[in-house]
Each structure stands twice: as C-alpha cells, then as structure tokens.
Amino acid sequence: MKKIVLAYSGGLDTSCCIQWLKDKGFDVVCFSANLGSEFSPVDLKKRAIKSGASKIYIKDLREEFAKDYILKWLKADALYEGKYVLSTSLGRPLIAKHLVDVAKKEKAQFVAHGCTGKGNDQVRFEVTCAILAPQIKTIAPLREWELSSREEEIEYAKEHNITITATKEKLYSIDKNIWGVSVEGGALEDLANEPAQNSYYFVKPLAKALDKEIYVELDFVKGEPVRLNGKAYSLVSLIEKLNKIGASCGIGRTDCLEDRVVGIKSREIYEAPAAWILYTAHKELEALTLDREILAFKDIIGQKYSQIVYQGLWFTALRESFDAFVNETQKYVTGKIVLKLYRGNIVIAKRVSENSLYKKAFATYGEGDKFDRTMAEGFIKILSMPYQR
Ligand code: ARG
C-alpha cells in the first residue's frame with residue numbers, strides 16, 4: 001500500500017482529507033504540529049484515528065516556533081503590507097520541515113496537506129517540501145476533490161461520520177498558533193460586512209475590554225524579550241502571558257485586506273495581542289538605540305523579509321542573509337520599554353537603555369543645552385550646496 005503523511009490539524013479540511021486519501025488507496029499517517037493548537041493530543045489522536053488514519057505523530061513545536069521563527073521575525077520587524085504579523089505564514093515552513101522528517105522516518109514517498117488551491121498555505125507547504133525533499137511528492141486533496149464549498153465539505157464529513165466543529169452558520173476557517181489567530185471566510189467575505197460578534201476568537205471587543213489602564217514592562221536583551229513586569233519567562237510563556245493580558249484589553253485585532261501570493265485580494269481577521277505588543281516595544285527600543293541609517297535600511301529589509309516569508313521562501317539563502325544582517329543590528333537593542341494598554345491602544349510610557357542614542361543635552365529646549373548652534377549654519381550651507389544653480 002502507498003503510504004502518505006498528512007499534515008493534520010484536526011479541523012474540517014484535514015479531517016475530510018484522511019477519508020479522501022484512503023479512498024484513493026493510501027495508508028494515511030497523520031502528523032500534527034502543536035504550535036498552540038486548540039486540540040489536545042488525546043483529542044487529536046481520537047479524531048485522526050476515528051477519521052481513518054492508521055497512525056498519528058504529534059509534536060509540540062512551540063519552543064522551536066518561538067526561538068527559530070517568531071524571534072527572527074520580531075528582530076526583523078517584518079510586518080507584511082504594514083499590517084500582518086505573519087502568524088500563519090511563519091508556522092508553515094516549520095510544519096512542512098517536520099512533515100518531511102516524519103515522511104522520511106516512515107519511508108513514505110508522499111506527503112499531503114489540507115490547504116485550498118486558492119491560498120498561500122499550499123504554496124508555503126509545497127515550496128518548503130520541494131526545497132527540503134524534492135524526491136517526496138506532495139498531494140493536495142483540496143485542489144483535486146469535487147467538494148467545492150465548505151457547506152459541501154460539512155455534508156461530506158457528516159456522511160462519513162467525521163467529527164468536526166464547523167457548522168453551516170459559522171463557516172469561518174480558523175488557523176491558530178501562539179503568535180496569532182487567523183479568521184476568514186463566511187460573512188467576512190463581504191467587505192461591506194463589519195465582522196460579526198461570533199468572529200471574535202479570543203480578543204475582547206473594544207466595548208467589552210477592561211476599562212482600566214494596564215502597564216506592561218518589557219526587558220529586551222539584544223532584541224530578545226526576556227522579562228515581563230520584572231519576571232523572567234521563556235519566550236513561549238512570555239507570548240502566552242502577553243496574549244492573555246492583551247486580549248483582555250482588546251489589543252491586537254486587525255481586519256486586513258491583503259494580497260495573496262496567488263494574485264487574489266482577500267480579507268482576513270487576525271488576533272495577535274502578544275505579537276503587536278512585542279512588535280511595538282521592540283520597534284521603540286530600536287528607535288532609541290539604533291542610528292538613523294540602520295533604522296532606514298532595516299525598514300527596507302523588514303519589508304522584503306515579510307514578502308519572502310509570506311511567499312513561503314523561508315528556507316532560502318536570502319532569508320538567512322537577512323537574519324545575519326538583522327542579528328548584527330540587534331547587539332545594541334537592549335533595554336526596557338514600558339507600555340500602557342487600554343481598549344485596543346498601545347501607548348509608549350517609558351524607554352530606558354544603556355545603549356540609548358538620545359541625548360537630553362542636545363535635544364532640550366530648556367536648561368543644560370549643550371548643542372552648539374554655530375555648527376548648524378555651516379551644515380545647512382553644505383547640505384544645500386549641490387542643489388544651487
Ligand atoms: N491569510 C493568512 C496567510 O496567508 C492566513 C491564511 C490561513 N487562514 C485561515 N483562516 N485558515 O498567512
């Protein structure tokens with residue numbers, strides 16, 4: 001029997017994939033990567049076996065995700081199109097890497113994923129597999145099968161006794177990990193619709209957010225957040241903690257119209273409180289500790305970084321080279337940023353760093369001014385000189 005390893009999330013799509021692959025004559029082994037999933041390992045195993053898998057591998061990859069993916073993103077400040085923290089995009093190459101490892105271990109010649117033929121994730125999975133293991137063939141059931149809508153899929157699942165959580169009334173497709181939750185589909189596809197209450201995943205709607213200002217104090221060492229409110233945490237725990245605090249304050253929910261790799265504009269809601277809190281604090285610490293040329297150049301790198309990660313080009317020399325550059329800049333990014341959170345707002349309250357480039361004696365309009373104004377005159381003359389005819 002041909003063996004295939006399926007990247008299994010426990011959701012509607014991948015649950016239907018198991019049955020479909022079996023009908024095509026495959027022995028289906030599932031692989032579930034825990035990047036902060038909503039299903040427990042016991043639950044996942046039950047679901048997979050009930051749906052027809054012969055075996056399931058479950059790996060907790062949260063540490064690896066935080067250390068090798070999220071942290072690199074954070075240092076690069078790589079917002080996609082200025083608004084997306086790449087929570088889903090960053091997880092895909094990691095899952096694909098382990099998927100390929102399991103396939104090798106199982107001596108399977110095939111891998112499969114449950115991504116649609118219109119999205120970015122199929123690209124990310126398959127590009128990663130093709131780079132890391134070109135000899136393994138990928139099958140994408142959703143690109144081939146005859147089920148053309150989520151409604152039909154739900155029917156298919158019911159017919160085959162597959163346990164699912166989606167209902168016809170709540171047709172969102174959700175991807176969740178510790179860095180964020182992506183919600184799309186259903187009523188959100190109509191841009192004239194404001195997101196409905198049931199599209200909120202864990203961030204509090206503004207009207208229900210805490211009516212109290214919450215301070216968070218973040219310490220960074222060389223670009224890495226290491227302490228929250230004076231207490232040391234592992235990166236995973238720090239992110240999980242910030243997600244809770246931020247969500248209660250209504251932080252980190254964005255409604256994005258984004259450009260997919262496959263040329264389609266689509267709308268997605270993201271909930272990523274920790275990501276936005278850390279991004280804001282990190283950027284601010286960079287503003288304090290890095291010079292203007294590095295800041296400007298780093299912005300360009302960050303933008304390009306976000307585009308290649310969005311496209312699934314994680315395992316490439318370009319991304320590694322960007323990381324080398326970015327890492328070099330981070331040696332100065334040590335210090336403390338205090339933020340105030342209130343009803344969806346992140347406000348900078350304090351900035352402290354031993355590497356600060358801010359000099360009050362130069363900036364001040366008050367007493368203690370040390371800036372030599374006579375320098376300004378000559379500087380202005382020289383700056384304007386090349387443009388005078
Ligand atoms: N648009 C996001 C991305 O390309 C998320 C895709 C998956 N979204 C989902 N709701 N399943 O990274």
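Look above for the structure.
Owing to the predicted nature of the structure, the values given are computational and were not obtained by experimental measurement.

(A) Summary view of helix 3 (residues 62–76). For helix 3, spanning 15 residues, the distance from its first C-alpha to its last is 20 Å, which sits close to the expected 21 Å at 1.5 Å a residue. In helix 3, a bend of some 35 degrees at Ile70 exceeds every other bend along the element. Looking one or two residues past helix 3, Asp77 carries a phi angle of roughly 50 degrees, positive in sign.

(B) Main features of the environment of Val261. As for its placement among the helices and strands, Val261 is situated in the loop between strand 11 (253–259) and strand 12 (265–271). Beyond its immediate stretch of four places on either side in the chain, Val261 contacts Asn120, Val123, Tyr310 and Gln311.

(C) The arrangement of the packing of helix 3 against helix 11 (residues 317–329) in detail. With their axes 10 Å apart at the nearest point, helix 3 and helix 11 run at an angle of 60 degrees to one another. The angle between helix 3 and helix 11 places the two elements in the oblique class. Taken as a pair, helix 3 and helix 11 cross one another with a handedness that is left-handed. Contacts between helix 3 and helix 11 pair Lys72, Lys75 and Ala76 from the former with Arg319, Asp323, Val326 and Asn327 from the latter. Grouping the amino acids of the contact of helix 3 with helix 11 by side-chain chemistry returns two nonpolar, one polar and four charged.

(D) The site of the ligand, seen in detail. Around the ligand, the structure places 14 residues, and the nearest of them are Tyr84, Asn120, Ser173, Glu258 and Glu268. Contact between the ligand and Glu258: a nitrogen atom at 2.6 Å from a side-chain N or O atom of the residue. In the environment of the ligand, a nitrogen atom lies 2.8 Å from a nitrogen or oxygen atom belonging to the side chain of Glu268. A total of 350 Å² of accessible area belongs to the ligand in isolation, and the protein chains cover 93% of it. Secondary-structure elements contributing two or more residues to the shell around the ligand are helix 4 (87–105), helix 5 (121–132), strand 6 (173–177), strand 7 (180–184) and strand 12. Of the residues that constitute the shell around the ligand, the class distribution is three nonpolar, five polar and six charged.

(E) Seen up close, the pattern of salt bridges. The full count for this structure, using the stated rule, is 26 salt bridges. Ionic pairing is found between Lys55 and Glu106, a salt bridge with its closest N-O pair at 2.6 Å. Linking Lys55 in strand 3 (residues 55–60) with Glu106 in the loop between helix 4 and strand 4 (110–112), this pair joins segments that are 51 residues apart in sequence. When the shortest N-O distance is used, the salt bridge between Lys340 and Glu213 registers 3.5 Å. One end of the pair, Lys340, is in strand 13 (residues 335–342); the other, Glu213, is in the loop between strand 7 and strand 8 (214–221), with 127 residues separating them in the sequence. The class for Glu213 is partly exposed, based on a relative accessible area of 44%. Overlapping salt bridges, with partners in common, bring together Arg92, Asp121, Arg124 and Asp175 in one network.

Reading guide: rules and limits
In this convention, every chain numbers its residues from 1, walking through the sequence in written order. The predicted origin of the model limits local features to residues at a pLDDT of at least 70 and limits the giving and counting of side-chain atom pairs to 80 or more, whereas totals for whole chains, interfaces and linings rest on all residues. Side-chain descriptors were evaluated using all non-hydrogen atoms of the structure, hydrogens and water having been removed beforehand. By definition, any uninterrupted DSSP run of H or I lasting at least four residues is a helix, any uninterrupted run of E lasting at least two residues is a strand, and each is numbered from the N terminus. Under the convention used throughout, the expected extent of a helix is 1.5 Å for every residue step, that is, one less than its residue count. The quantity called bend is, for any residue, the angle between two axes fitted respectively to the seven residues ending at it and the seven beginning at it. Any two residues whose heavy atoms approach within 4.5 Å are treated as being in contact. The angle between two axes is taken between their N-to-C directions and runs from 0 to 180 degrees, where each axis is a line fitted to C-alpha atoms and a helix contributes only its stretch in contact. Angular relationships are summarised with four words: roughly parallel below 35 degrees, roughly antiparallel beyond 145, roughly perpendicular across 65 to 115, and oblique for the angles in between. Crossings are sorted by hand: turned counterclockwise from the far helix by less than a right angle, the near helix makes the crossing left-handed, and turned clockwise it makes it right-handed. Charged means Asp, Glu, Lys or Arg here, nonpolar means Ala, Val, Leu, Ile, Met, Phe, Trp, Tyr, Cys or Pro, and polar covers whatever is left, Gly included. Throughout this document, a residue counts as near a molecule or strand when at least one of its heavy atoms sits within 4 Å of that molecule or strand. Here a polar contact is recorded for every N or O atom pair within 3.5 Å, except that within protein the pair must consist of a potential hydrogen donor and a potential acceptor, and residues adjacent in sequence are included only if both atoms are side-chain atoms. For the area figures, the Shrake-Rupley method with a 1.4 Å probe applies, and any residue is considered shielded solely by the protein chains shown. A side-chain nitrogen of Lys or Arg and a carboxyl oxygen of Asp or Glu constitute a salt bridge if their distance falls within 4 Å. Working definition: with a 1.4 Å probe on protein chains only, accessible area under 20% of the residue-type maximum means buried, over 50% means exposed, and in between means partly exposed.

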